[in-house]
Amino acid sequence: MAWYCSGSTNTELIENLFKAGLIRDERVKDAMIGVDRAHYAPSRAYSDSPQPIGHGATISAPHMHGHACEYLIDYLKPGSRVLDIGSGSGYLTHVLANLVTSPGNQGQVIGIDHITELTDLARTNMDKSKTGSELLASQTVKFITGDGRLGWKEGAPYDAIHVGAAADKLHPTLVDQLRAPGRLFIPVETEDDENDRDSISGGQYIWVVDKKEDGSIHKEKVFQVSYVPLTDAPKG
Ligand SMILES: Nc1ncnc2c1ncn2[C@@H]1O[C@H](CSCC[C@H]([NH3+])C(=O)O)[C@@H](O)[C@H]1O
């Protein structure tokens, strides 16, 4: 159901998304209330819409961030390790960090983006709040500049990997870097699904890829989306 949400404060926006059923999980709601979107979105921070953040990147709409967290929620526990590929503004990286941190049990979230100005921006954005600057100081959150299609093997294995830009395929390196059990959430441009011949005709879909405890892989195409692509880094 299409439902437009906004609020006059961050808490009001998230509560309205919750009331509209666009966020359903209480832990996700609390983690999103804990991150002021105004620190990350340059305009219309409390409206449920994407906004440009420069360098061809956008901060996704908050309901999309909510969906991503909800698909990964079973793998986001205090102490979990997470990789956020295409971290952009750093907003989702911060929300994910709230989900893997409890007093005395710090997980770690690595945000990776291939544009240095954006990893710098993400750090600056996080530093605007006390909790954000503490997460940076304790290295619970680290921003790395690099090609996210390769993951970040120094921090692997990950309980959860989130990809915030559309890949041209299900990069096997990312599946390799999952813990068993672990889950990858990735928008893919035209991945061939042998069970669904329609998927070859194009369109972007979120794929959820599970690495089970025995190391076996289960892939599922869950819903259609429109993300900016994962690309080569701009030259210069
Ligand atoms: N190959 C790549 N490696 C790392 N980051 C990439 C790559 N291709 C695109 N990106 C980044 O993917 C991001 C997608 S848009 C930013 C989404 C972010 N989750 C947010 O809501 O703020 C942009 O910041 C791009 O710079």
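The present account deals with the structure reproduced in this document.

Conventions and cut-offs
Residues numbered from 1 in each chain as written. Predicted model: local features only at pLDDT ≥ 70, side-chain atom pairs only at ≥ 80, totals over all residues. Heavy atoms only, no water. Pairing = 2+ DSSP bridges. Helix = DSSP H or I, 4+ residues; strand = E, 2+ residues; numbered from the N terminus. Buried < 20%, exposed > 50% of the residue type's maximum accessible area, 1.4 Å probe, protein only. Arc of directions from axis to C-beta. Contact = heavy atoms within 4.5 Å. Near = heavy atom within 4 Å. Polar contact = N/O pair within 3.5 Å; in protein donor to acceptor, adjacent residues only side chain to side chain. Areas by Shrake-Rupley, 256 points an atom, 1.4 Å probe, with all protein chains shown as cover. Nonpolar A, V, L, I, M, F, W, Y, C, P; charged D, E, K, R; others polar. Core = buried A, V, L, I, M, F, W, Y, C linked by side-chain atoms within 4.5 Å.

Things to note about the pairing of strand 1 (residues 51–54)
Sheet analysis places strand 1 next to strand 2 (residues 57–59), joined by three bridges and oriented antiparallel. Counted as the bridge partner of Pro52 is Thr58 from strand 2.

Comments concerning helix 1 (residues 10–19)
Buried residues of helix 1: Asn10, Leu13, Ile14 and Leu17, and no others. Angularly, the buried residues of helix 1 cover 90 degrees about the axis, an arc narrow enough to put them on a single face. Of the surrounding secondary structure, the elements contacted by the buried residues of helix 1 are helix 2 (26–33), helix 3 (62–72) and helix 4 (91–99).

Re helix 4
Here helix 4 lies mainly inside the structure; eight of its nine residues are buried. All buried positions along helix 4 are accounted for by Tyr91, Leu92, Thr93, His94, Val95, Leu96, Ala97 and Leu99.

Here's the deal with the site of the ligand
Close to the ligand lie 23 residues; His65, Ser89, Asp113, Gly148 and Thr231 are nearest. Gly148 places a main-chain nitrogen or oxygen 2.8 Å from a nitrogen atom of the ligand. Protein chains bury 98% of the 570 Å² of accessible surface belonging to the ligand in isolation. Broken down by element, the residue count for the shell around the ligand peaks at three residues, all from strand 2. The class makeup of the residues in the shell around the ligand is eight nonpolar, 12 polar and three charged.

Some points on the nonpolar core
Ranked by internal contacts, the top residues of the largest apolar core, which has 48 residues, are Leu76, Tyr91, Val95 and Val141. For Tyr91, the contacting residues outside a window of four places in its chain are Ile14, Met32, Val35, Arg37, Tyr40, Ile59 and His65. Of all hydrophobic cores here, the second largest spans 21 residues; its members include Leu83, Leu178, Leu184 and Val209.

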